[in-house]
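One letter stands for each residue in the lines below.
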Amino acid sequence: MAPHRVVVIGSGFGGLFGTQALRRRDDVEITLVAKTSHHLFQPLLYQVATGILSEGGISPSTREILARQKNARVILGTVTAIDLGAKTVTSEVLGRETVTPFDTLLVAAGAGQSYFGNDQFAEYAPGMKSIDDALELRGRIFGAFEWAELATAPAERDRYLTFVVVGAGPTGVEMAGQIAELAHRTLRRDFRSIDPRQARIVLIDAAPQVLPSFGDRLGGSARDRLTKMGVEVELGTKVVGVDSTGIDIEKSDGTPARIEAMTKVWAAGVQGSELGAMLADQSDAELDRAGRVRVNPDLTLPGRPDVYVIGDMASLDNLPGVAQVAIQGARYAAKHLMARLDGKPAPPSFSYFDKGSMATISRFSAVASVGKLRFSGFLAWVLWLAIHIVYLIGFKQRITTLLHWTVSFIGRGRSERTVTAQQILARNIIRTMDPKDLPKLPVVESDHVTPTPAPTSTTRASASAPGEPASDEGGHSAT
Ligand SMILES: Cc1cc2nc3c(=O)[nH]c(=O)nc-3n(C[C@H](O)[C@H](O)[C@H](O)COP(=O)(O)OP(=O)(O)OC[C@H]3O[C@@H](n4cnc5c(N)ncnc54)[C@H](O)[C@@H]3O)c2cc1C
């Protein structure tokens, strides 16, 4: 019997754990399509941005993780179309299109940054969702100290030494805490014209509390700790403008103000993947306010028992956008599918088991909420350390992370301070380029071959000159 073809979109927590949960099924053939060739451990992105970890340390190759899983193959590409009628997924990389048919689809494309309708802020206030984002922020943060060293006027120097983090959730708190540690510990002795300890770090949120999801007590202790570290915490404050040299705010009483700051970090708001709208257009599903797909209690798309939507891009019972929701959802969807293939009754509706949440503030200080327990300080930090090592994927990654943490937390140094021009400039340059100037894979006529029998994907170069046929439909199958 022909194997059941499962296409998985995304190599994050949802996509990877869903693929792995189907590893014992010889009757299933999985194709994982993702726009990056790595799995990304997003919770440690802020450590890449602040020079503690290297990008490779938190982003092992998906292909390598799945190398031994014989029923899975990995293809690189950004999904540009999902056709629920034809049951195909189209992906594209540098002008090469690949069409992959499916019997069952598992969509785990995550979420992006939301600027609440002010996408123009992104030019000056990068978010933190990808390795590119984290490296750009690393360049901007370390670069700001370099520029401050060169500044000739006090106002210019102060602008370079002011860092604004927008969003007082876990990512914003972690970023603000780490920039404070950089200024007060790591860079303390490295400059001659400036004193990095003079840096001003401002954490802004429209909400009245730091870490709202952790409750009043832990939010309060995180705020106290940040204040002790010299971070200015501005709550009940809305950002109304962002430009190259500063940020405009409106305080809770409506008073406008401006903070002159060269470095802005956006850690507020998420927006479900754009693939959600594509699915909603072709099914009975609706999107919630954050653009996430409202799914059935069994994580299927309304009206489509053959399509599962999981993780950050799914909306069900107000579940939070955290790794455990994606991992448990992925395992549930795999179990649900296996029951269907075996003709067994479906498992009961998906129910999430909350294992707790944690956020670090600085070295030796974190907050943790586990079941009814709430604690902060050193014990919470040790727990945070242990859990992150357990969930980091790859033995190499665990060893190198432990080494880097020893250097940064016991010592004063940061091993990953390298910054390149690409890191700081590339995103904005690519964004302003005309799409026709973006690089494409070359079309070489002699590459057209007769397809091997029954390819699971067909590829074609979409870079053909206008009027010229693209390389034919039955191109060679992608690997
Ligand atoms: C900075 C940061 C810190 C975080 N800290 C924590 C934490 O401490 N604890 C916690 O539990 N959670 C944390 N989270 C949240 C957690 O990382 C997410 O909930 C989790 O990654 C969601 O998994 P997912 O599989 O749904 O999406 P993701 O992990 O985001 O994966 C999405 C995948 O889809 C791919 N993709 C997207 N669009 C396309 C497309 N069009 N075509 C092809 N591929 C596509 C992406 O490349 C990626 O591989 C954090 C998130 C961030 C950004």
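Quick caveat, the model's predicted, so the values are computed rather than measured.

Caption draft 1: Molecular detail of the sheet that holds strand E21 (residues 357–362). If you walk across this open sheet you meet the 3 strands as E21-E22-E23, and the pairing is antiparallel. One side of each edge strand has no neighbouring strand; the edge strands of this open sheet are E21 and strand E23 (373–377). Neighbour-to-neighbour, the strand axes of the sheet open up by a mean angle of 10 degrees, direction not taken into account. Contacts from helix H10 (residues 378–391) reach E21, strand E22 (365–370) and E23, with the element oriented near 75 degrees to E22.

Caption draft 2: The arrangement of the sheet that holds strand E2 (residues 28–34) in detail. Pairing is mixed across the open sheet formed by 6 strands, whose spatial order is E3-E2-E1-E7-E19-E18. With one partner strand each, in any of the chains shown, strand E3 (72–76) and strand E18 (300–301) form the two edges of the open sheet. Where strand E1 (residues 4–9) lies against strand E7 (residues 104–107), 4 bridges are found, and the strand directions are parallel. From the neighbouring strand, valine 6 faces E7, where its bridge partner is threonine 104.

Caption draft 3: Focus on the pairing of E2. Most of E2 sits inside the fold, with 7 of its 7 residues counted as buried. Relative to E2, E1 is paired through 6 bridges, and the arrangement is parallel. The residue of E2 that forms the bridge with arginine 5 is glutamate 29. Relative to E3, E2 runs parallel, the two being bridged by 5 bridges. In the sheet register, leucine 32 faces E3, and the bridge partner there is valine 74.

Caption draft 4: Here's a closer look at the nonpolar core. In terms of nonpolar packing, the biggest core is built from 69 residues, with Val166, Ala176 and Val367 touching the most fellow members. With 8 residues, the top contributor of residues to this core is helix H4 (residues 131–150). Each residue touching valine 166, except ones within four places of it in the same chain, is listed here: Ala125, Gly172, Ile204, Val239, Lys264, Val265, Trp266, Ala267 and Ala268.

Caption draft 5: The packing of helix H1 (residues 13–21) against helix H9 (residues 323–341), seen in detail. Here H1 crosses H9 at 30 degrees, and the two axes come no closer than 8 Å. In terms of their interaxial angle, H1 and H9 are classed as roughly parallel. For the crossing formed where H1 meets H9, the hand is right-handed. For the pair H1 and H9, the contacting residues are Phe13, Gly14, Phe17, Gly18 and Ala21 in the first and Ala323, Ala326, Ile327, Gly329, Ala330, Arg331, Ala333 and Ala334 in the second.

Caption draft 6: Up close: helix H7 (residues 215–228). End to end, H7 covers 20 Å across 14 residues, agreeing with the expected 20 Å (1.5 Å per residue, within 8%). All of the buried residues in H7 are Leu218, Gly219, Ser221, Ala222, Arg223, Arg225 and Leu226.

Caption draft 7: Highlighting the pairing of strand E5 (residues 88–93). Bridging between strand E4 (residues 78–83) and E5 involves 5 bridges; their strand directions are antiparallel. Of the residues in E5, the one forming a bridge with isoleucine 82 is valine 89. With 6 bridges joining them, E5 and strand E6 (residues 96–101) adopt antiparallel strand pairing. When the sheet's bridge partners are listed, valine 89 is paired in E6 with threonine 100. Between the end of E5 and the start of E6, which pair antiparallel, lie 2 residues, with leucine 94 showing a positive phi angle near 45 degrees.

Calculation rules
- Residues numbered from 1 in each chain as written.
- Predicted model: local features only at pLDDT ≥ 70, side-chain atom pairs only at ≥ 80, totals over all residues.
- Pairing = 2+ DSSP bridges.
- Helix = DSSP H or I, 4+ residues; strand = E, 2+ residues; numbered from the N terminus.
- Axes fitted to C-alpha atoms, helices over the stretch in contact; angles between N-to-C directions.
- Contact = placed C-beta atoms within 7 Å.
- Buried ≥ 20, exposed ≤ 12 C-beta atoms within 10 Å, placed from the backbone.
- Core = buried A, V, L, I, M, F, W, Y, C linked by C-beta atoms within 7 Å.
- Parallel < 35°, antiparallel > 145°, perpendicular 65-115°, else oblique.
- Left-handed = near helix turned anticlockwise from the far one by under 90°.
- Expected span 1.5 Å × (residues − 1).

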